[in-house]
Amino acid sequence: STQQKLANIIGFNRHFAGKECFNFTRPDGYISGAIDGKRYLKHRLVWFMHHGYWPADQIDHINNDRSDNSIENLREATPSQNQYNKPSNGKLRGAHYRKTDGMWQASIRVNGKRFHLGVFSCPEDAHDKYCEAQRKYHAEYTYQAKDALK
């Protein structure tokens, strides 16, 4: 089985303790490597080695640094939870401009459903309302960095 092979390799690698492995950085920023001809993402292997089981779904990098595979930076997440912790790429998250009236609408998605949070005259107010709802509904998966225009 794959788990037995990995257990054998882990034992073998005690000889190489402290040396870097899985050092290929993919274009998307994830680090990967191969064991017995099969490619693995480093963060998933770190999770397996620490916890002794494969994650049921996705692994979230808490600080959004895909190269930081320390166990303290990794947590299991559903696809939705993983998206909650995603940076907004320079936009005010949760604020959407309405061309019809020039106002800004705040909304949030929870368990696949979109909830309307209000209409505001400026994007910052809509974003603030979104952040308030995100802390309530997305809890510890809320994106932690300053989420504002750059």
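The preceding data block contains the structure.
Notes on the structure follow. Predicted, not measured: the structure shown is a model, and the values here were computed from it. (Residues numbered from 1 in each chain as written. Predicted model: local features only at pLDDT ≥ 70, side-chain atom pairs only at ≥ 80, totals over all residues. Heavy atoms only, no water.)

**Points about the pattern of salt bridges**
As a reminder, the rule being used: We count a salt bridge whenever a side-chain nitrogen from Lys or Arg sits within 4 Å of a carboxyl oxygen from Asp or Glu. Note on classification: 1.4 Å probe, protein chains only; a residue is buried when its accessible area is under 20% of the maximum for its type, exposed when over 50%, partly exposed between these limits. In DSSP terms, a helix is any run of H or I states spanning at least four residues, a strand is any run of E spanning at least two, and both are numbered starting from the N terminus.
Counting across every chain of the model gives 4 salt bridges. The partner of D28 in a salt bridge is R26, and the shortest N-O contact between them spans 2.5 Å. For R26, a relative accessible area of 29% translates into the label partly exposed. A salt bridge links K129 to E132; the shortest N-O distance between them is 3.7 Å. Here E132 and K129 lie together in helix α4 (residues 123–137), a separation of 3 residues that amounts to about one turn. According to the relative accessible area criterion, K129 is partly exposed, its value standing at 30%.

**Quick notes on the pairing of strand β7 (residues 103–110)**
Filter applied, for reference: Only strands that DSSP links by at least two bridges are regarded as paired with each other.
For strand β6 (residues 95–98) and β7, the ladder comprises 4 bridges, and the chain directions are antiparallel. Bridge pairing in β7 places H96 opposite Q105. Where β6 folds back on β7, the antiparallel hairpin that results is connected by 4 residues, among which G102 adopts a positive phi of roughly 75 degrees. Summarising the sheet, β7 and strand β8 (residues 113–120) pair through 7 bridges and their orientation is antiparallel. Note that in β8 the partner of Q105 across the bridge is V119.

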